[in-house]
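# Summary of structural features
Letter by letter, the chains look like this.
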Amino acid sequence: MKLFVSDGNPHCVKVIAVLEFTGVKCDVKHVNHEERVVPYLSRPALPALLLPSGTHLFSPNSICQYLIELNGQESSDIVNQWLEWEATELQPAVMQALHMVVLQGKGAETPRVLQGPLSYLDQSLSQRTTLFLTAEMVSVADVVLWAALYPILSDSSLVSGNQTLQLWFERVGMLAACVSAAQTVLQGKGLKAESLKTYLQRQPTTHHGQGQVQGRGTQPCNSPEGGDDDDCVLSEEEIQSAAVTWGKGLADLPMVPERQHPILPQEGKRNVLVTSALPYVNNVPHLGNIIGCVLSADVFARYGRLRGWNVLYVCGTDEYGTATENKAREEGLTAQQICDKYHAVHASIYQWFQVDFDFFGRTTTKKQTEIAQNIFWRLHERGFLLEDIVEQLRCEACQRFLADRFVEGTCPFCSYPEARGDQCDKCGKLINAVELREPTCKVCSQTPVVQSSKHLFLDLPKLEAELEQWLERSTGSGDWTANAKQITRSWVRDGLKPRCITRDLKWGTPVPHPDFSDKVFYVWFDAPIGYLSITANYTDQWEKWWKNPQQVELYNFMAKDNVPFHSVVFPCSLLGAQDNYTLVNHLVATEYLNYEDTKFSKSRGVGVFGDMAKDTGIPSDVWRFYLLYLRPEGQDSAFSWVDMATKNNSELLNNLGNFINRAGMFVSKFFESCVPAMALQQEDKRLLAQVGWELKQYINLMDRVKIRDALKCILNISRHGNQYIQVNEPWKKIKGDETDRQRSGTVTGVSVNVACLLSVMLQPYMPTVSHTIRQQLNAPPSVTGTLLQGTGNFVCSLPAGHHIGTVSPLFQKLESEQIESLKKRFGGQQPEEEEEAKPKPKTTAQPDVNAQPATTPASGLAAQTAVNGADAERARELTLAVAEQGEKVRTLKGQKAEKTVIGAEVTKLLELKKQLSLAEGKDPEPVLTKGKKNAQPATTPASDPAAQTAVNGADSERARELTLAVAEQGEKVRTLKGQKAEKTVIGAEVTKLLELKKQLSLAEGKDPEPVLTKGKKNAQPATTPASDPAAQTAVNGADSERARELTLAVAEQGEKVRTLKGQKAEKTVIGAEVTKLLELKKQLSLAEGKDPEPGLTKGKKK
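Procedures and definitions
Residues numbered from 1 in each chain as written. Predicted model: local features only at pLDDT ≥ 70, side-chain atom pairs only at ≥ 80, totals over all residues. Heavy atoms only, no water. Phe/Tyr/Trp six-rings, centres within 6.5 Å; stacked < 30°, edge-to-face > 60°. Helix = DSSP H or I, 4+ residues; strand = E, 2+ residues; numbered from the N terminus. Buried < 20%, exposed > 50% of the residue type's maximum accessible area, 1.4 Å probe, protein only. Lys NZ or Arg CZ within 6 Å of the ring centre and 35° of its normal. Core = buried A, V, L, I, M, F, W, Y, C linked by side-chain atoms within 4.5 Å. Contact = heavy atoms within 4.5 Å. Axes fitted to C-alpha atoms, helices over the stretch in contact; angles between N-to-C directions. Parallel < 35°, antiparallel > 145°, perpendicular 65-115°, else oblique. Left-handed = near helix turned anticlockwise from the far one by under 90°. Nonpolar A, V, L, I, M, F, W, Y, C, P; charged D, E, K, R; others polar. Pairing = 2+ DSSP bridges.

In this structure the tally under the stated criterion is 36 aromatic pairs. With a centroid separation of 5.9 Å and 45° between ring planes, the pair formed by Phe300 and Phe557 is classed as tilted. Within this pair, whereas Phe300 is found in helix α11 (residues 294-306), its partner Phe557 is found in strand β17 (residues 552-559), the two being separated by 257 residues in sequence. Overall, the relative accessible area of 1% leaves Phe300 in the buried class. Judged by relative accessible area, Phe557 falls into the buried class, the value being 0%. Every member of this aromatic cluster is reached through a ring pair, and the members are Tyr595, Phe600, Phe609, Trp623, Tyr626, Phe639, Trp641 and Phe826. In this structure, Lys429 is placed above the aromatic ring of Phe413, and the distance from its NZ or CZ to the ring centre is 5.7 Å. It is Arg503 that lies over the ring of Tyr522; its NZ or CZ is 4.0 Å from the centre.

Grouped together as the largest cluster of nonpolar side chains are 181 residues, with contacts concentrated most on Ile375, Trp623, Trp641, Tyr698 and Tyr765. Looking at this core element by element, the count peaks at 11 residues for helix α27 (residues 738-762). What Trp623 contacts, discounting residues up to four positions off in sequence, is Leu287, Trp352, Phe353, Val608, Ala613, Thr616, Ile618, Phe639, Trp641 and Met644. The next biggest cluster of nonpolar side chains, apart from the first, holds 78 residues, and it includes Tyr120, Val138, Val140 and Leu1080.

Below, the discussion takes up unusual backbone geometry. Between Leu46 and the following residue, Pro47, the backbone shows a cis peptide bond with an omega angle of 0°. Among the secondary structure elements, Pro47 is positioned in the loop between β2 (27-30) and β3 (48-50). The amide bond that connects His261 to the next residue, Pro262, takes the cis arrangement and shows omega of -5°. Along the chain, Pro262 turns up in the loop between α9 (236-246) and β5 (271-276). Non-glycine residue Asn580 carries a positive phi angle of around 60°. Here Asn580 is to be found in the loop between α20 (563-577) and β18 (586-590). With a relative accessible area of 41%, Asn580 lands in the partly exposed category.

Residue position: Asn282 is located in the loop between β5 and α10 (287-292). Beyond its immediate stretch of four places on either side in the chain, Asn282 contacts Ala323, Thr324 and Lys327.

This brings us to the packing of helix α5 (residues 140-153) against helix α7 (residues 176-186). In the contact formed by α5 and α7, the axes pass within 11 Å of each other and the chain directions differ by 40°. Taken together, the axes of α5 and α7 are oblique relative to one another. Our pair here, α5 against α7, has a crossing hand that is right-handed. Where α5 abuts α7, its residues Val143, Trp146, Tyr150 and Pro151 lie against Cys178, Ala182 and Leu186. Each residue belonging to the contact of α5 with α7 can be placed in one class, and the counts come to seven nonpolar, no polar and no charged.

Next up on the list: the sheet that holds β2. Judged by pairing direction, the sheet is mixed, and its four strands sit side by side in the order β2-β1-β3-β4 without closing on themselves. Each having just a single partner strand, β2 and β4 (56-57) make up the two edges of the open sheet. Here strand β1 (residues 2-5) runs beside β2; their pairing, made up of four bridges, is parallel. Considered in β2, the bridge of Val5 is made with His30. On top of the sheet, helix α1 (residues 10-22) reaches β1 and β2; it is set at about 150° to β1, its chief contact.

No statement about biological role is implied by the geometric values presented.
Structure representation (structure tokens):
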């Protein structure tokens, strides 16, 4: 096995470091940058690993992962995610920064390019309790990311701030493997290495949109498949093949016929039935709802039509259930009137977002009743239904049984305190509402009582074997997202239980059984049948779609919380009905989209809802683009106004729009709006091949419903196009001799044809922009039905002599003032409260009021925290918890609840405040003694106003108000700091925060002065002896010199432990060394000003 590397190539640093780190035996050969080590590639590709089989690996991260596996280590999911993030997000930004610093001398601009990925990495490290990225020991993820950052972070003047990142970088950089790799490739000189400059001069200029002032979207996530490099490696055969395809023209390709309704399955065609989860009618959808189902399904349906598939896309509003009854009661309307009102609202919103349904229906129809009751009777006749007595929760205050989603309590499985009555959003398990601990009615906050009622159940255990056989076939052959497979497997693995399908409600599909005539069908039995009834309202030949699994492929789009009902419950209903129903082939589920790192809430005015988007002045196509750009495919993502402006201004305006506008303007300005003749040279053919390769990737990804990843292919093509124009300079060559003018014509003609292809690829994402481009280019109508056929056809669709229309800019810049105004408008002003209608994404569980460090005596707890420093992450969690609990107490008081109920909640609030004081490194005791007339701070004179407040007792009502105000103002300051706002702006808000804290201290009967002097070197808590070294460290801050020494010691000791484990040493020997390691880590935490104990005892109950 032989590894080929070149001096100065930063990609080689990581493979050398991983080679040293794993200890794999391998010959290393240094070659020059131009040497073609891989014989079948048309250009040099280094580093490259020649395997014993004769195969070459030439992707740096692939080489690293191969070396890991060769060493007998398994790469964990989190390590793989970090490697993927490094390749797709960090590395392109780093390469752009290196070009700017080394070749262009623009060192001052590098923070702008690297801000996003470095901030994300720093934040991730800050949130971890471990020394390294994934564990207490160094992993290959640490080594690879360190190597990627080494050239940049070796010069500390380029990147300021991100202190946690800097400490981590120094810690990993002490490893012998990293020192050796930096010395081998860059002579240990980082940016100053002459070999680095030589390497970069031979590389194409890097254009990386994501590297420019990133906001969200930089976390490890699913990324485009295509390796680590932005450019594909093309062979001569591929280049020549692309030129041949280009020469075919539109006339040689088949046409796709226009839609004619009703759309029915056709023999010999690919018949695709697309559904998106039916939105609840009782509320207005927010951006997360829109991207999670209807918009994602719309993009795929539009794409399928361009591919020539026979596509039917149906959706509609889910209108039955308790939520509708409640909304009707709130608004003083009947349930039907509410349905009519909000059905129109939904339809209007989706129309503005250009969601192109073939039919948008609703569930309150006769067809719904007929089909649902038919399935019910078929299940009943075949013995798949059971009768049983059910204990249900009834709210005496509301005088009704409570639907599952209107009950909240503590999960019986994982103790998550905000589990719903049907399912826990944290652990994903199904719950019967009566199983919840401490249940409350979400309408009135009263505790419901248990009452019995007879109900019907779907006998899932009886259908389990048939379900598992179907699941094996469907998940094996279809494109199910990873989360859909995982959620389904967890349900089946735990064993299915009978599921209740009836409810004691009035508003719903009536149960036809005479013994249950006072009941309706449960929404999760009834609602998915809405897909069938909506199709039946579209065409009376609906069974050709829904009872035709031999000819029809069914795609379901939804958010992850809907998965079990579409993958288990609904399929079991259809399997049990035994009527040849079409079952889902491809289940596509997204994670959650949050809003600026919080939750959407209509009541608090937080977030953009569908009916608000059109009032922002931002076109719907731009909304579609950004939502699809950050579509939460692999994990939760967050909408950000700043990031939306960045993506609009960099990707749409400067990249995509700039290229298409330039191509069209050159034709208009230089060639009188007539496409010039094109004489292709090798460079042009290479561009055709690059574009053709991206087109194939786009089709491959879209076919597998990788919607976000496919969008990157479009942006890659426009980047290639911009670089092609920039290198060839047609605006200069048009002024030259005949040869130059001909060259200008070729470049212009090829560019305008690339723009035409982009208009077609954009159509699923940005339909209006796509149409505008085709209008400006006067493109033949046949382009939309031909270019995406087969594996893709990049042909000359605008031949020489073609006349184009009037060209104008496609996009407008989003100004910072506009974005700040919108951010403020949708930021909300009210206290945090849960939003009823939205399933809650996975979040950190609320702090347990019973949690105490197991080994710390209660009497010494405050002192211990003061010595070891504040726990900032814990403090942030508790600040939010205090605000929420305070709001709960105020609500109960406003409702005139019983004193015992209020008292219990006040006790929880005080306990949370006590924990918050500890987490902030304060003495919590004043909280316990406040209000007692004799309680006085020992050092405060009685004549002091603050002391007088303490003597006279705290103002508890005022204190609660100020606690909330402090939490909100603190969040505002953190946000401004994260946005790198001007110091004067931050300073003004900090001043407000300090003033609020001062008022809070007074209201709580404390001396406010320590708040004002906090952080000053000479300020010492009155009760902390100056002679205590640990206390002195807490007062004066971290001991950086000692921290560096201990960091090295921890790394060496960790290496020793790993070596012993690899040698299978005796457990006693390993245990002794692990003890030393833990003691070193404890000393390191103290040296860095942190509390070492919470990491070991956090979360343990009393």
